[in-house]
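An overview of the molecular structure
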Amino acid sequence: MNQSVQPSVSDKQAVDSLLKTIRIPPRPSLLVEMQKELNKTEPSAQGLAKIIAKDVSLAASLLKLTNSSFFGLRLKAQSVDHAVGLIGITQTGLLMTGIIARQSVNANGLSLGKFWDFSTKRAQALSAMVKRFPVCSADVAHTFGLFCDIGVPILMERFPDYAETWKKANNEFELPLTQVEDSHHITNHASIGSLMARTWGLPEQVSTAILLHHDYRTLEDTATEDSVRGLIALSTLAEYAIQKYEGQESSAEWSKASQRVCQYLGIGLHDAEDWCEELQDMFNQSH
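Residues numbered from 1 in each chain as written. Predicted model: local features only at pLDDT ≥ 70, side-chain atom pairs only at ≥ 80, totals over all residues. Heavy atoms only, no water.

Description of the overall build of the protein
A tally of helices and strands in the protein yields 16 helices and zero strands. Against the globule reference of 19 Å for 287 residues, the protein gives a C-alpha radius of gyration of 19 Å, in line with a compact fold. Taken over the C-alpha atoms alone, the protein extends approximately 55 × 45 × 35 Å along its principal axes. Sorting the 287 residues of the protein into buried and exposed places 49% on the buried side. By sequence separation, contacts in the protein at least 24 residues apart represent 65% of the contacts at least 6 residues apart. Roughly 14300 Å² of accessible area belongs to the protein as shown, and the carbon and sulfur atoms make up 51% of that amount. When the 26 basic and 33 acidic side-chain charges of the protein are each reduced to a single mean position, those positions are 7 Å apart. (Helix = DSSP H or I, 4+ residues; strand = E, 2+ residues; numbered from the N terminus. Rg over C-alpha atoms; globule rule 2.2 N^0.38 Å. Buried < 20%, exposed > 50% of the residue type's maximum accessible area, 1.4 Å probe, protein only. Contact = heavy atoms within 4.5 Å. Areas by Shrake-Rupley, 256 points an atom, 1.4 Å probe, with all protein chains shown as cover. Lys, Arg positive; Asp, Glu negative; His and termini not counted. Charge placed at Lys NZ, Arg CZ, Asp CG, Glu CD.)

Remarks on the environment of D182
With respect to the helices and strands, the residue D182 is situated in helix α11 (residues 177-185). The sequence separation of D182 and T165 amounts to 17 residues, and the corresponding C-alpha distance is 9.8 Å. Once residues lying within four places of it in the same chain are set aside, the contact partners of D182 are T187 and N188.

Structural notes on the packing of helix α4 (residues 56-66) against helix α6 (residues 89-104)
The geometry of α4 relative to α6 is characterised by a closest axis approach of 10 Å and an angle of 125 degrees between their N-to-C directions. Here α4 is positioned oblique relative to α6, judged by the angle of their axes. Between α4 and α6 lies a crossing whose hand is right-handed. On α6, the residues touching S57, L58, S61, L62 and L65 of α4 are T92, L95, M96, I99, I100 and Q103. Of the residues assigned to the contact of α4 with α6, the class counts are seven nonpolar, four polar and no charged. (Axes fitted to C-alpha atoms, helices over the stretch in contact; angles between N-to-C directions. Parallel < 35°, antiparallel > 145°, perpendicular 65-115°, else oblique. Left-handed = near helix turned anticlockwise from the far one by under 90°. Nonpolar A, V, L, I, M, F, W, Y, C, P; charged D, E, K, R; others polar.)

So this is what it looks like as structure tokens:
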């Protein structure tokens with residue numbers, strides 16, 4: 001697996017001491033209960049509903065989302081049990097994980113609406129893309145899409161000037177994005193996001209893909225698990241589609257990664273543009 005050069009002992013000590021000052025949100029007990037239920041051989045819809053109903057705000061959020069235009073259901077959910085029955089156990093688990101993440105991560109009162117909107121679109125795009133390029137299950141792809149950049153708000157909370165670093169890193173067409181972060185803060189959103197994913201008990205390929213998602217050399221590294229490389233390739237293309245959808249004229253990350261992404265997916269640049277158009281149509285429909 002591709003790894004960056006090992007830091008010297010003094011650097012490692014600096015990183016270790018810094019990590020102690022960064023607040024990784026602990027995994028909420030309700031998420032632990034949900035994961036136990038969902039990981040059973042035969043998870044129970046009733047059991048899952050019972051867990052969600054313990055938290056009034058989570059239950060209300062589930063009902064609101066289930067009855068929203070996003071699902072466009074003919075019937076309206078009247079209770080948590082009814083909602084789980086209407087959208088299914090897997091979809092409920094994904095929605096709840098996303099809602100819990102939103103509640104757990106805050107960046108000193110900064111508005112994270114745009115961040116979560118981008119993350120939700122990426123999760124939605126990846127769920128659709130793995131049907132065409134099946135590197136992993138749709139729920140794993142959705143989870144990765146949602147948590148891919150979770151390190152960003154965590155670092156915003158820790159460093160008052162991180163938002164500036166993030167902006168600068170996203171406009172860097174030569175150096176790896178994470179290298180720009182490292183030079184300013186001795187750590188980066190990929191490392192912190194991967195740490196949170198492990199803390200929260202997310203699938204291993206999710207935490208590994210988060211760690212490596214800006215190291216595009218990974219796409220050529222056959223020693224890295226295929227599901228990890230697939231998630232990195234698809235998410236890079238998905239992000240390019242979202243940026244185009246939002247009117248961004250150029251993408252530094254797509255400029256750095258497009259050749260390797262297309263090579264890994266076995267498509268040409270024109271095909272990649274076609275995928276982007278399809279994703280943009282999907283965003284319009286679910287808007």
